[in-house]
2 protein chains.
Amino acid sequence: MTRWVRFRDSGGRAGFGALDAERIVEHEGDLFDRPSPTRTSIPADNVELLAPCTPTKIVALWNNFHALAAKLEKQPPAHPLFLIKPATSLAGPNQKIERPAAYRGKIAFEGELGIVIGRRCKDVPAQEAAACIFGYTCVNDVTAAEVLNEDANFAQWCRAKGYDTFGCVGPVIASDFDWSRANVITRLDGVERQNYPLSDMIYSPAEQVSLISHDMTLLPGDVIACGTSLGVGSIKDGSTIEIIIDGIGSLVNTLAAKADMKLRRT
Amino acid sequence: MTRWVRFRDSGGRAGFGALDAERIVEHEGDLFDRPSPTRTSIPADNVELLAPCTPTKIVALWNNFHALAAKLEKQPPAHPLFLIKPATSLAGPNQKIERPAAYRGKIAFEGELGIVIGRRCKDVPAQEAAACIFGYTCVNDVTAAEVLNEDANFAQWCRAKGYDTFGCVGPVIASDFDWSRANVITRLDGVERQNYPLSDMIYSPAEQVSLISHDMTLLPGDVIACGTSLGVGSIKDGSTIEIIIDGIGSLVNTLAAKADMKLRRT
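Residues numbered from 1 in each chain as written. Chains lettered and ligands numbered in written order. Predicted model: local features only at pLDDT ≥ 70, side-chain atom pairs only at ≥ 80, totals over all residues.

**Thoughts on the overall build of chain A**
Helix and strand counts for chain A come out as 6 helices and 19 strands. For a compact globule of 266 residues, the expected C-alpha radius of gyration is about 18 Å, and chain A comes in at 18 Å, within 12% of that figure. Along the first, second and third principal axes, the C-alpha set of chain A runs to 55 × 55 × 30 Å. Within the span of chain A, comprising 266 residues, buried residues form 50% of the whole. Long-range pairs, those at least 24 residues apart, make up 71% of the contacts in chain A with a sequence separation of at least 6. (Helix = DSSP H or I, 4+ residues; strand = E, 2+ residues; numbered from the N terminus. Rg over C-alpha atoms; globule rule 2.2 N^0.38 Å. Buried ≥ 20, exposed ≤ 12 C-beta atoms within 10 Å, placed from the backbone. Contact = placed C-beta atoms within 7 Å.)

Below, the structure is given as structure tokens:
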């Protein structure tokens, strides 16, 4: 298993490489097309990790876990149900989640598995879909909960989930990861709030890639957020939220405190 | 008023320029940052027009015209209601609209005004929003109508409107265009189906840019499709649909006939 990261070094230079214990073996070329190692290896502590890929879109699923469907008394859907989070919603590990300027309501976390697409795929048959998956990452699908149903005629999925920094992705892309044996764990200020098995998914990653590739072309680096299960809740300003998937790692983000926001504006 | 186009010449080279009567004055550099004219001018008939910009996202509004809201018996919304069409949905002038491989249902046209963003904008005050607009174009916001409400629990806006080639944009970006005096006309195989005044918009272009820039960062080349009004209908395979806005031009696309689709697959 390779754990791919993107980073920015102290000089502001961005790069990518394979995380090997405490060091990053830097690579060059195209992450998705046989990148080659450089002769450089960098202590991971010396760099800032960025989101491990730069998706053109994040396709985020709703109602993809049996346990949550049962709790919500919903039938499993006949096709993956999704919305699109724009590329501008991307946030990397340790990046502050920013409260929208005009929004004072609840902000919810959703710990999820993220699929990272490795090649252009359109109308991919089910049996070929696994080969389109480059690897897996952790996702926090952040939501401005009170925006979602603000208008009775139109559920505002893209708006509620599309704000800048509301698509937290990272810390690594793990290749050859066996999702079927892993759990997603979410901790809010250190307290466990979600812990659900990925084996409870309604549509498996390969099924998602195949079916969604019939809806739109998926591109290298695009992310499918597989949906969440039980235990979703809200984050207070200044609180830290951690998404942990054993075999991938821990994605930590803090919702900017009001003091940070004032600072940001001056 | 400048009418900007992108094109591909007979050698396969892509370029952009200003359309002046029958010729394109080619430009170089960044369309959104003081492009400079080259010494080349090309007869427009000798090139294939492409979509005039390459958005990272198309933000598509619903319920933004008083006449349609009245017909649907909906209140004007308290904020622009939108979904996101991915960059992969883009189609240019005269490009075939492709029926999704597994979909046999109705495909609907929606003639709309498109706003093309000219600069990065986030949290833009209303009085500064007009300066963020590079120009205007025609949009056909194509929809797989029967996908939209296939699941009773989740309106599939992004899926129904996000298919490849379902975001028709063009033929030009008109700068200094006075939308308030223009109508959107849609013709299906030459028969007028929509003809509505843009002055009936609920949120004006500048209001849309300001409000949506508080929801997500808008980038140069991004398109906001302003929503449609009365007269939406469906397109038969092989039919031609034309969106006309006086001062911008005519955007013509054909829904690929079944014969074309077979051809495409062999």
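Read on, since the account is not over.
**Examining helix H5 (residues 205-213) of chain A**
All of the buried residues along H5 of chain A are Pro205, Gln208, Val209, Ser210, Ile212 and Ser213 of chain A. If you follow the buried residues of H5 of chain A, they end up packed against strand S6 (57-62), strand S7 (81-86), strand S10 (111-117), helix H2 (126-129), strand S11 (133-141) and strand S16 (223-225) of chain A.

**A look at the interface of chain B and chain A**
Contacts between the two partners involve 34 residues from chain B, matched on the other side by 34 residues from chain A. When contributions to the side of chain B that touches chain A are tallied by element, the ones reaching two or more residues are strand S6 (57-62), strand S7 (81-86) and helix H4 (157-161) of chain B.

**Description of the pairing of strand S1 (residues 3-8) of chain B**
All names here are of chain B. Summarising burial for S1: 5 of the 6 residues are buried, a large majority. Sheet topology places S1 next to strand S13 (residues 167-174); 2 bridges connect them, and they run antiparallel. In the sheet register, Arg3 faces S13, and the bridge partner there is Ala174. Relative to strand S2 (residues 14-20), S1 runs antiparallel, the two being bridged by 5 bridges. Pairing of Phe7 across the sheet is with Gly15, part of S2. (Pairing = 2+ DSSP bridges.)

Such coordinate-based values are descriptive only and should not be taken to indicate function.
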